[in-house]
Amino acid sequence: MSVTLERPEVGTVAPDFSLPDVYGKRWTWSEFRGKRVLLYMWASW
Amino acid sequence: MLSVAMDGGGVEQPRAFVEQFGVTFPTFLDASGLLFRLYGFSAVPNGVYVDEAGIIRFQLFTGFSVDREDVVQQLETLLATPSGDVPPAPTVAQQSFEVEVLLEQAAANGDDADLQLALAEACLQESENARAAEAFARALELNSESANAAFGLGTALHQLGQTSEALDAWGRALEIEPDNFVIRKQIWRLKHPEKFYPVVDYDWQKVQLAAEKAAEGRA
């Protein structure tokens with residue numbers, strides 16, 4: 001059974017979140033407001 | 001430029017990549033798969049371009065690459081657009097990401113699956129793995145179709161050294177989202193580490209995927 005994934009659309013506000021970096025420092029998405037950001041999602045495998 | 005590693009297996013491998021390639025921008029670690037929930041994707045690599053006002057201007061899921069000319073062209077066009085005045089931030093309720101605040105909120109709203117999930121993610125990020133596992137389990141109980149909750153539960157259990165329980169939880173996540181390649185690979189990494197270290201065996205992955213899809217009756 002699969003659920004429909006909701007994806008934010010172009011033209012809408014990017015969702016806020018908080019994540020640590022690979023050195024353990026915590027960041028919040030809203031810190032980058034005022035800057036142009038390319039968010040790249042990947043995995044090591 | 002920001003990057004997010006969707007790795008539930010620990011920080012070592014993504015950090016090794018960052019150091020090997022001398023990456024100068026922040027690289028986040030999303031061990032609970034929270035971006036699955038926020039961005040609704042089932043594979044990587046993905047790219048999302050956001051302007052000064054926090055508005056999404058371009059996104060490409062699965063197959064994002066700066067080696068693709070069409071991608072580069074679209075990004076260059078966006079980057080060449082002059083900045084306008086940044087409009088005020090839309091008024092949305094300020095979300096907290098602090099464990100202590102979320103604990104109080106979750107206690108006061110015991111049936112709110114999203115709050116449990118937010119609490120669990122915050123705990124996982126603070127390496128409070130037992131508390132994270134508990135909150136992910138509660139979130140999954142409240143919303144049995146949350147792949148994010150099941151995936152996060154698996155990651156927390158994996159961190160706690162409970163391998164078979166972790167595999168059960170990741171297996172549940174994959175049942176919820178059978179096409180989620182990130183979840184499937186996480187299971188493979190735990191079951192077949194020799195196919196991932198020291199070199200990732202992509203040919204093996206193709207054969208394995210075909211075999212599993214056939215077994216799942218989805219070939």
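Everything that follows concerns the structure shown earlier in this document.
Residues numbered from 1 in each chain as written. Chains lettered and ligands numbered in written order. Predicted model: local features only at pLDDT ≥ 70, side-chain atom pairs only at ≥ 80, totals over all residues. Heavy atoms only, no water.

**Concerning the overall build of chain B**
Move 1: If you tally the helices and strands in chain B, you get ten helices and four strands.
Move 2: Listing the helices and strands of chain B from first to last along the sequence gives β-α-β-α-β-β-α-α-α-α-α-α-α-α.
Move 3: With respect to the three principal axes, the spread of C-alpha positions in chain B is 55 × 50 × 35 Å.
Move 4: Classification of the 219 residues of chain B by burial places 48% in the buried group. (Helix = DSSP H or I, 4+ residues; strand = E, 2+ residues; numbered from the N terminus. Buried < 20%, exposed > 50% of the residue type's maximum accessible area, 1.4 Å probe, protein only.)

**Comments concerning helix H7 (residues 147-159) of chain B**
All names here are of chain B.
Move 1: With 13 residues, H7 should cover 18 Å at 1.5 Å per step; its first-to-last C-alpha distance of 18 Å lies within 8% of that length.
Move 2: Counting buried positions over the 13 residues of H7 gives eleven, a clear majority of the element.
Move 3: Taken together, the buried positions of H7 are occupied by Ala147, Asn148, Ala149, Ala150, Phe151, Gly152, Leu153, Gly154, Thr155, Ala156 and Leu157.
Move 4: Close packing links the buried residues of H7 with helix H2 (34-39), helix H5 (113-125), helix H6 (129-142), helix H8 (163-176) and helix H9 (181-191).
Move 5: Downstream of H7 by a residue or two, Gly161 has a phi angle that is positive, lying close to 80 degrees. (Expected span 1.5 Å × (residues − 1). Contact = heavy atoms within 4.5 Å.)

**Section: H9 of chain B**
All names here are of chain B.
Move 1: Summarising burial for H9: eight of the eleven residues are buried, a large majority.
Move 2: Of the residues making up H9, those classed as buried are Val182, Ile183, Arg184, Lys185, Gln186, Ile187, Trp188 and Arg189.
Move 3: For H9, the secondary structure elements touched by its buried residues are helix H1 (12-20), H2, H7, H8 and helix H10 (202-215).
Move 4: The backbone nitrogen of Val182 lies 3.0 Å from a side-chain oxygen of the residue at the head of H9, namely Asn180. (Polar contact = N/O pair within 3.5 Å; in protein donor to acceptor, adjacent residues only side chain to side chain.)

**Quick notes on the nonpolar core**
Move 1: Counting residues in each nonpolar core, the largest one holds 65 residues, and the members touching the most others are Phe17, Leu39 and Met41 of chain A together with Leu35, Tyr39 and Phe41 of chain B.
Move 2: If we ignore the near neighbours within four places in the chain, the residues touching Tyr39 of chain B are Glu6, Arg7, Pro8, Ala14, Pro15, Leu39 and Met41 of chain A together with Val48, Ile56, Gln59 and Phe61 of chain B.
Move 3: If you look at the next biggest cluster of nonpolar residues, it comprises six residues, including Leu38 of chain A together with Tyr49, Phe64 and Val71 of chain B. (Core = buried A, V, L, I, M, F, W, Y, C linked by side-chain atoms within 4.5 Å.)

**Comments concerning the pairing of strand E3 (residues 46-50) of chain B**
Move 1: Of all five residues in E3 of chain B, five are buried, a share of seventy percent or more.
Move 2: Residue alternation in E3 of chain B divides its side chains into two sets, Asn46, Val48 and Val50 of chain B and Gly47 and Tyr49 of chain B, and both sets are buried.
Move 3: Relative to E3 of chain B, strand E3 (residues 37-42) of chain A runs antiparallel, the two being bridged by five bridges. Considered in E3 of chain B, the bridge of Tyr40 of chain A is made with Gly47 of chain B.
Move 4: Judged from the four bridges that link them, E3 of chain B and strand E4 (residues 56-60) of chain B form a sheet pairing that is antiparallel. Looking at E4 of chain B, one finds that Tyr49 of chain B is bridged to Phe58 of chain B.
Move 5: A loop of five residues connects E3 of chain B with E4 of chain B, the two strands running antiparallel in sequence, and Gly54 of chain B in this loop sits at a positive phi of about 85 degrees. (Pairing = 2+ DSSP bridges.)

**Let's talk about the sheet that holds strand E1 (residues 2-5) of chain B**
Move 1: With mixed pairing, five strands are arranged side by side in an open sheet as E2(B)-E1(B)-E3(A)-E3(B)-E4(B). Either end of the sheet is taken by a strand with one partner, and the two such strands are strand E2 (27-29) and E4 of chain B. Averaged over all pairs of adjacent strands, the angle between their axes in this sheet comes to 15 degrees, without regard to strand direction.
Move 2: Pairing geometry for E1 of chain B and E2 of chain B, over three bridges, is parallel. Across the sheet, Val4 of chain B pairs through a bridge with Phe28 of chain B, a residue of E2 of chain B. (Axes fitted to C-alpha atoms, helices over the stretch in contact; angles between N-to-C directions.)

**A short note on the interface of chain A and chain B**
Reports often express the size of an interface as the amount of accessible area lost when the parts come together.
Move 1: At the junction of the two partners, chain A supplies 40 residues and chain B supplies 74 residues.
Move 2: Each partner contributes to the roughly 5500 Å² buried at the junction of chain A and chain B, and carbon and sulfur atoms together form 61% of this total.
Move 3: At the junction of chain A and chain B, the tally comes to two salt bridges.
Move 4: Two residues, Glu52 of chain B and Arg36 of chain A, come together in a salt bridge whose shortest N-O distance is 2.8 Å.
Move 5: Between the two partners, chain A and chain B, sit 29 residue pairs in polar contact (both at pLDDT 80 or more).
Move 6: For the side of chain A that touches chain B, the secondary structure elements donating two or more residues are strand E1 (18-20), strand E2 (26-28) and E3 of chain A.
Move 7: When residues in the side of chain A that touches chain B are grouped by element, the largest group, six residues, is from E3 of chain A.
Move 8: For the side of chain A that touches chain B, the per-class residue count stands at 24 nonpolar, seven polar and nine charged. (Buried area = accessible area lost by both parts, 1.4 Å probe. Salt bridge = Lys/Arg side-chain N within 4 Å of Asp/Glu carboxyl O. Nonpolar A, V, L, I, M, F, W, Y, C, P; charged D, E, K, R; others polar.)

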